[in-house]
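Letter by letter, the chains look like this.
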Amino acid sequence: MDNQLFTLINIAVMTVVMWITPLQFVPFMIWLERKGSAIIQDRIGPNRAEILGVRLFGMIHNFADVVKLLNKENITPSGSNKFYYWLAPFWSMTVSLLPLLIIPLAAPIMVGGHNIVFQAANFDVGILYVLSITSMGVFAVILAGWASNSKFSLLGGLRSSAQMISYELSMGLAIVGLLMVYQTTQVSAIVENQGALVTAWGHALPLPNWGIFLQPFGFILFLVASFAETNRNPFDLAEGESELVAGYHIEYSSVKFALFFMAEYSNMVVAAFVISTLFLGGYQVPYAPTEVLMAHPHGVLIALCVLVALKGGVLGYIFQVHGERQEGLKGVRKAEPFFFAYLGYGLALAAIVVLFLSFGWTLPDWAPGVMAAVLQLGALLAKVFFFCWLFVWVRWTLPRFRYDQLMRLGWKVMLPLALVNLLVTGLVLLTQK
Amino acid sequence: MIETVLFYILAAALIGFGLMVITRTNPIASAMAMVGAFAGLAGLYAMLNARFLSIIQILVYAGGIMVLVIFVIMLLNLEPEDLQRMRAKGFVVLLALIGVGAAIVSPMLFCVIPNKDWANGSVSPEFGSMASVGAKMFADHLFPFEILSLVLLTAVVGALVLAKRKL
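Note that the structure is a prediction, hence the values are computed from the model and not measured. (Residues numbered from 1 in each chain as written. Chains lettered and ligands numbered in written order. Predicted model: local features only at pLDDT ≥ 70, side-chain atom pairs only at ≥ 80, totals over all residues. Heavy atoms only, no water.)

(A) Summary view of the pairing of strand β3 (residues 197-200) of chain A. Residue and element names in this part refer to chain A. Burial of the side chains of β3 is restricted to one face: Val198 and Ala200 are buried, whereas none of Leu197 and Thr199 on the reverse face is. Across three bridges, the pairing between β3 and strand β4 (residues 203-208) is antiparallel. When the sheet's bridge partners are listed, Ala200 is paired in β4 with His203. Taking the residues between adjacent antiparallel strands as the criterion, β3 and β4 are bridged by two residues, where Trp201 takes a positive phi near 50 degrees. (Buried < 20%, exposed > 50% of the residue type's maximum accessible area, 1.4 Å probe, protein only. Helix = DSSP H or I, 4+ residues; strand = E, 2+ residues; numbered from the N terminus. Pairing = 2+ DSSP bridges.)

Printed below as a string of structure tokens:
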């Protein structure tokens, strides 16, 4: 196969993968939100939906949700503008699936003379692409609010779009600080830079060169702004149940509501990916840049197996203890923790046995790259899962802002702070030259 | 081959959305058509390898300015009767006249600039990259750029004075 065709297929596959990744995360996020809120409020949480006695700790509820949403009556309110009323949910979903295209999942590797990249689009202006796509998301909210012909949805739409425009400014300025530090707008180059150690005035510090250490202030601003951009608590004034019933999607039912619902969660996943890529080193394993991983394939293999086994053990333990204490597992449900999480042990063991039986101690040429890529993918996903949990955690911990507080925070606190952050960053960079 | 097909698709989308901007009665529909036109223009920029320009086109015009335009339209709250009254009677005639005029003028453009190599593209590979736009804005035309920011500041102050009589 010639190289050009190979690259084309590689990019096409990565595009599809990055496009459906947020969709794959959505059921997990919904489950995490329900169980997380239950843990925070000291409840058991949903666990009743079952298929042949298998409940998977409430994960089967996602199937129940799909069946329910598809069977609801598909209402179009009278006096609504049909075309834009229908366009809004599709727009919302489309925009929330696009930004992940520029996120690298692992460092490029060489396999059999071909260069495999794990990034769908490697622009020189990648970060701006994320900003521009998320800025298009405002239209879904405005159109949904306006086309529904309801004052509650119009109020929700106007509030939400004003909020999104206000916080986009601080978000952009927080990113500018990051660009000044790394001197590039290409996402892959930023992630590569984050593999080294921090150097300040010629001294190497024992910290990875991550955005969170170079721009701690910018990180906080970006995190807060991304909560506002995704319309999550404490910034979920777009929905504001106590004031607006459900905000801009009050008149939507059935599949159209499902699209808005999924878009909200996939926006969260995208935000988690972007924050981990820009500020937490992306796919970089701390203190072990790509070259080190490539040079020590056996170490990487052992680390992978240990991590998989550890993950299986911890998850299995949590599920079993939680399940037995709170739910009293019976019948087929007794086997669920084993099947669901202890499986990790078996996978790790099987990987070692298969590799050892086929190759002995000398690993094949392709192995270091592939194993490094798997480990880096695991590192990125660990960071993403942390931020997914953070979104849930904050929602069920903090109360909602009032609208005037929201606007004051956005314009009178965050915008000046972002400008000061830029000034300080510039001054520090000048003294380092 | 692919480039030609893409160019004609994008150009057709751009012209179609552009026509929709001026023919729709509903101002929201016009504004949304304008967003589509910006997207088509961004695609054309991207085909010229001007990635920065194309992304800024979406980010600033479609994502920023058009949102504000839609805000204004929604706050004006125009009734359908008002819109019908505002629709000019001879609009179609005017459109036809403009079309004929453009058909006469555009060949003249080709005659005025005969040495231009229209077919093979006349932009440099640097066109629309972040570096070249930055150099134009902050080095070559720094003074007009700063003056423009003053103009915007004046508009903001004016809006504040009109909206908030007592601060």
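Now that the structure has been shown, we can carry on.
(B) Representation of the packing of helix α3 (residues 82-97) of chain A against helix α4 (residues 126-147) of chain A in the model. Residues and elements named next belong to chain A. Between α3 and α4, whose axes approach to 8 Å, the crossing angle comes to 155 degrees. By the angle between their directions, the pair α3 and α4 is classed as roughly antiparallel. The interaxial crossing formed by α3 with α4 has left-handed handedness. Together, Tyr84, Tyr85, Leu87, Ala88, Trp91, Ser92 and Val95 of α3 and Ile133, Met136, Gly137, Phe139, Ala140, Leu143, Ala144, Trp146 and Ala147 of α4 make up the contact between the two elements. For the contact of α3 with α4, the class distribution of residues is 14 nonpolar, two polar and no charged. (Axes fitted to C-alpha atoms, helices over the stretch in contact; angles between N-to-C directions. Parallel < 35°, antiparallel > 145°, perpendicular 65-115°, else oblique. Left-handed = near helix turned anticlockwise from the far one by under 90°. Contact = heavy atoms within 4.5 Å. Nonpolar A, V, L, I, M, F, W, Y, C, P; charged D, E, K, R; others polar.)

(C) Region of interest: the side chain of Gln119(A). All names here are of chain A. Mapped onto the elements, Gln119 comes out in the loop between β2 (114-116) and α4. A polar atom in the side chain of Gln119 sits 2.8 Å from the backbone oxygen of Ile102. Within the structure, the side chain of Gln119 is placed 3.5 Å from the backbone oxygen of Ala121, a separation counted as a polar contact. The contacts of Gln119, once residues within four sequence positions are left out, are Ile11, Met14, Leu101, Ile102, Ile103, Pro104, Val187 and Ser188. (Polar contact = N/O pair within 3.5 Å; in protein donor to acceptor, adjacent residues only side chain to side chain.)

(D) Layout of the interface of chain A and chain B. Listed by partner, the interface residues are 23 residues for chain A and 20 residues for chain B. Carbon and sulfur atoms make up 85% of the area that chain A and chain B hide from each other, which totals about 1,900 Å². The tally of links between chain A and chain B comes to one salt bridge. Note that Arg51(B) is salt-bridged to Asp124(A), the shortest N-O span being 2.9 Å. Counting every contact that joins chain A to chain B gives one residue pair in polar contact (both at pLDDT 80 or more). Of the residues that constitute the side of chain A that touches chain B, the class distribution is 17 nonpolar, five polar and one charged. (Buried area = accessible area lost by both parts, 1.4 Å probe. Salt bridge = Lys/Arg side-chain N within 4 Å of Asp/Glu carboxyl O.)

(E) Structural view of the nonpolar core. Residues and elements named next belong to chain A. Ranked by size, the top nonpolar core spans 112 residues in total, and within it Phe139, Phe222, Phe273 and Leu278 carry the most contacts. In terms of residues, this core owes the most to one element, α4, which gives 15 residues. Of all hydrophobic cores here, the second largest spans 16 residues; its members include Val300, Ala309, Leu363 and Ala379. (Core = buried A, V, L, I, M, F, W, Y, C linked by side-chain atoms within 4.5 Å.)

(F) Spotlight on the pattern of salt bridges. Residue and element names in this part refer to chain A. Overall, the coordinates contain seven salt bridges over all chains when judged by the stated rule. Residues Arg232 and Glu33 are paired through a salt bridge, measuring 2.8 Å at the closest nitrogen-oxygen approach. Of this pair, Arg232 sits in the loop between α8 (216-229) and α9 (241-244) while Glu33 sits in helix α1 (residues 3-40); the two residues are 199 residues apart in sequence, bridging distant segments of the chain. Assessed through its relative accessible area of 1%, Arg232 is described here as buried. We classify Glu33 as buried; its relative accessible area is 4%.

(G) Seen up close, unusual backbone geometry. Residues and elements named next belong to chain A. Phi angles above zero are rare outside glycine, and Asp42 is one such case at about 60 degrees. Structurally, Asp42 is set in the loop between α1 and α2 (61-71). The backbone of Ser254 sits at a positive phi, close to 55 degrees, despite the residue not being glycine. With respect to the secondary-structure elements, Ser254 resides in helix α10 (residues 254-279).

(H) The packing of α8(A) against helix α14 (residues 367-395) of chain A, seen in detail. Residues and elements named next belong to chain A. Look at α8 against α14: their axes get within 12 Å of each other, and the N-to-C directions meet at 65 degrees. As α8 runs across α14, the sense of the crossing is right-handed. Residues Phe219, Leu223, Ser226 and Phe227 of α8 touch α14, and the partners they reach there are Phe387, Leu390, Phe391 and Val394. Its residues assigned to classes, the contact of α8 with α14 comprises seven nonpolar, one polar and no charged.

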